[in-house]
Amino acid sequence: MDNYSKHIAILGGGIAGLSLGCALLKEGIPAVIFEKMSEDTSHGAAISLSSNALRLLDRLDIYNDLKNKSFVHSKATIQGTKKSICSFNTPEVLTTRRQTLMTLLHSRFKSLGGDINFDHTLINFDAKKCEVTFSNNKKYYFKHLAACDGVRSSIRDSFFQANQNPKYSGYSAWRGIGKSVLKNIHFALGPGSHVVSYPINSDGDVSFVAVRKEDFQFKESWKELGSLSNLLQDFSTYDSSIFPELKAEEPLYKWGIYVRPPLQSMTAKNITLVGDAAHPMVPFLGQGACMAIEDAYSFAMLCKYKNGNFIDAQKIYDLIRSKRTKKIQQASLLQGKIYHMKNPMMVLARNSIMKYTNIPGNDLKKIHDYDAHQEVLNFS
Ligand SMILES: Cc1cc2nc3c(=O)[nH]c(=O)nc-3n(C[C@H](O)[C@H](O)[C@H](O)COP(=O)(O)OP(=O)(O)OC[C@H]3O[C@@H](n4cnc5c(N)ncnc54)[C@H](O)[C@@H]3O)c2cc1C
């Protein structure tokens, strides 16, 4: 049996797990990652990261490399199904391929001396002994388990509140990457639907996510393929030029968006939940991965400041992260309602607020200005 008895076990090598691994090793705390997938898994699609996450990636020494391979925005434009509504300046937002972020996090973790064990699916956790068993029959003891196992976390289901059955949100989403001359973040808002598009590098690759209200409950899966003709049919109220030029080798995906109620606590004996495992959220503010990075960074800092006393670290983690992430979960749901309004009077009022006030930009700024590093210092 390998000896990981002084390590924090990180379950899941997604954005949360890799960020946590980098942050812990940077603080000099031993950590090892276990990931159920194989090393060469593609992570597809794109992601936007706002300054609340970027300033932490900078502290993890990833930001500069990421910036060189991505697109940095300072402006967003909004249109109705046909006509422009407004444009506004945004605080810094970086958009990139998910794979780019994952590759950089992965190599940073390795450069800090981290171990990733792929093809390791957790099948049992004995919280009393802090012992993990994997499907390949390997068993290890750890100091602590950080569950970064995503939206369908088996650790959350086994050790936290019951009743986490996902409820269909009433929205289904499409995503894809194509070519376009678009140079900023662009929102198109139609009755009961919206399309957000942004360039992800300087080569003209543009990612889009298109969401619409739909009664049919599509699967909650990132891997369900869709066809271009179905996409155009779903969004026939828009001019088809709203989408980038789609290439055969870049697939289109369609899936259902589901909601889970917030947890009362993100921690339990010997377990800390991080990222989507702790607070799955609808994607309308583009903050899920940003929250995962904030969680990871905060927990690592607290482990350092509390000198390995996990009970004390968990108390503060729960306090600051639950408050922050619940707010973002609620704001994301509200944003979904704002994007998908159908009533013409409400749509007119929404568009006027967007056109004649700074409210949308100011609301975003409040979210993006949050500094997880400073927040932990305030509590330490
Ligand atoms: C359409 C869409 C667009 C989005 N856009 C944005 C955006 O622009 N900006 C943003 O900040 N966020 C965005 N998000 C949210 C973001 O993708 C997630 O919040 C983020 O990926 C969560 O990372 P995670 O590491 O917590 O979970 P995941 O990425 O799901 O990683 C979990 C990992 O755990 C592994 N795992 C699971 N179970 C086990 C097990 N039993 N044993 C071992 N390993 C296991 C999985 O294989 C996986 O690698 C978007 C989400 C959607 C759906």
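Before going into details, it helps to say that this report is about the structure given with it. (Residues numbered from 1 in each chain as written. Predicted model: local features only at pLDDT ≥ 70, side-chain atom pairs only at ≥ 80, totals over all residues.)

Regarding the overall build of the protein chain
Which entries qualify depends on this criterion: Runs of H or I in DSSP of at least four residues are treated as helices and runs of E of at least two as strands, each being numbered from the N terminus. Values of the radius of gyration come from C-alpha atoms, whereas the globule rule sets the reference at 2.2 Å times the count of residues to the power 0.38. For every residue, the other C-beta atoms within 10 Å of its own C-beta are counted; 20 or more classify it as buried, 12 or fewer as exposed, and values in between as partly exposed. C-beta atoms are placed from the backbone. For the purpose of contact definition, each residue receives a C-beta atom placed from its backbone, and two residues are in contact when these atoms lie within 7 Å.
Tallying secondary structure elements over the protein chain gives 11 helices and 19 strands in all. Computed over C-alpha atoms, the radius of gyration of the protein chain comes to 21 Å, within 12% of the 21 Å expected from 2.2 N^0.38 for 380 residues, which places it in the range of a compact globule. If you line up the protein chain on its principal axes, its C-alpha atoms span 60 × 40 × 40 Å. When each of the 380 residues of the protein chain is scored for burial, the buried share is 43%. Of the contacts formed within the protein chain by residues at least 6 apart in sequence, a portion of 75% connects residues at least 24 apart.

Side note on the nonpolar core
Keep this limit in mind: Put simply, a nonpolar core is a cluster of buried Ala, Val, Leu, Ile, Met, Phe, Trp, Tyr and Cys residues tied together by C-beta atoms within 7 Å.
Counting residues in each nonpolar core, the largest one holds 101 residues, and the members touching the most others are Ala-9, Leu-20, Ala-146 and Val-274. When residues of this core are assigned to their parent elements, the largest contribution, 12 residues, is made by helix α7 (residues 288–305). The residues touching Val-274, leaving out its near neighbours within four places in the chain, are Ala-16, Leu-20, Ala-146, Ala-147, Cys-148, Ala-292, Asp-295, Ala-296 and Phe-299.

Quick notes on the site of the ligand
As a reminder of what qualifies: Residues are counted as near a molecule or strand when the C-beta atom, derived from backbone positions, lies within 6 Å of that molecule or strand. In this count, Pro and Cys sit with the nonpolar residues alongside Ala, Val, Leu, Ile, Met, Phe, Trp and Tyr, while Asp, Glu, Lys and Arg are called charged and the others, Gly among them, polar.
The immediate surroundings of the ligand are formed by 35 residues, with Gly-12, Gly-14, Gly-150, Gly-275 and Gly-288 found nearest. Sorting the residues of the shell around the ligand by element identifies α1 (15–26), β3 (46–50), β11 (167–179) and α7 as the ones contributing at least two each. Considering every element that reaches the shell around the ligand, the biggest residue donor is α7, with four residues. Grouping the amino acids of the shell around the ligand by side-chain chemistry returns 17 nonpolar, 13 polar and five charged.

Quick word on the sheet that holds strand β10 (residues 144–147)
The test is simple: Strand pairing follows a simple DSSP-based rule, namely that at least 2 bridges must link the two strands. Where helices are involved, their axes are fitted lines through C-alpha atoms of the stretch in contact, as for all axes, and angles between N-to-C directions lie from 0 to 180°.
The strand order across the open sheet built from six strands is β6-β2-β1-β10-β19-β18, with neighbouring strands paired in mixed fashion. Unpaired on one side and paired on the other, β6 (115–117) and β18 (267–268) mark the two borders of the sheet. In terms of strand pairing, strand β1 (residues 8–11) meets strand β2 (residues 31–34) through four bridges, oriented parallel. Each bridged residue has a counterpart across the sheet, and for Ala-9 the counterpart in β2 is Val-32. Strands β1, β2 and β10 of the sheet are contacted by α1, whose axis makes an angle of about 165° with β2.

Points about helix α2 (residues 51–59)
Counting buried residues along α2, seven of its nine residues qualify, which places the element largely inside the surrounding structure. Among all positions in α2, only Ser-51, Asn-52, Ala-53, Leu-54, Arg-55, Leu-56 and Leu-57 are buried. Contacts from the buried residues of α2 go to β3, α3 (63–68), β5 (84–97), α7, α10 (359–368) and α11 (372–379). Asp-61 sits one or two positions beyond α2 and adopts a positive phi of about 65°.

Concerning the pairing of β5
Across five bridges, β3 lies against β5 in antiparallel orientation. Its bridge partner lying in β5, Ser-50 is registered against Val-93. As paired strands, strand β4 (residues 71–79) and β5 are joined by eight bridges and run antiparallel to one another. Bridging across to β5, Phe-71 finds its partner in Thr-95. Where β4 folds back on β5, the antiparallel hairpin that results is connected by four residues.

Describing unusual backbone geometry
Leaving glycine aside, a negative phi is the common case for residues, and trans is the common case for peptide bonds. Phi is positive for Asp-61, which is not a glycine, with a value near 65°. Mapped onto the fold, Asp-61 is located in the loop between α2 and α3. Since 14 C-beta atoms lie within 10 Å of it, Asp-61 is described here as partly exposed. One non-glycine residue, Asn-270, adopts positive backbone phi at about 65°. Position of Asn-270 relative to the elements: it lies in the loop between β18 and β19 (271–273).

Quick look at the pairing of β11
Summarising the sheet, β11 and strand β17 (residues 252–259) pair through seven bridges and their orientation is antiparallel. Its bridge partner being in β17, Ala-173 is matched across the sheet by Trp-255. Examined bridge by bridge, β11 and strand β14 (residues 205–213) share nine bridges and lie antiparallel to one another. Opposite Ala-173, over in β14, you have Val-211 as the bridge partner. Alignment of β11 against strand β16 (residues 245–246), held across two bridges, turns out to be antiparallel.

Geometry only, nothing functional implied.
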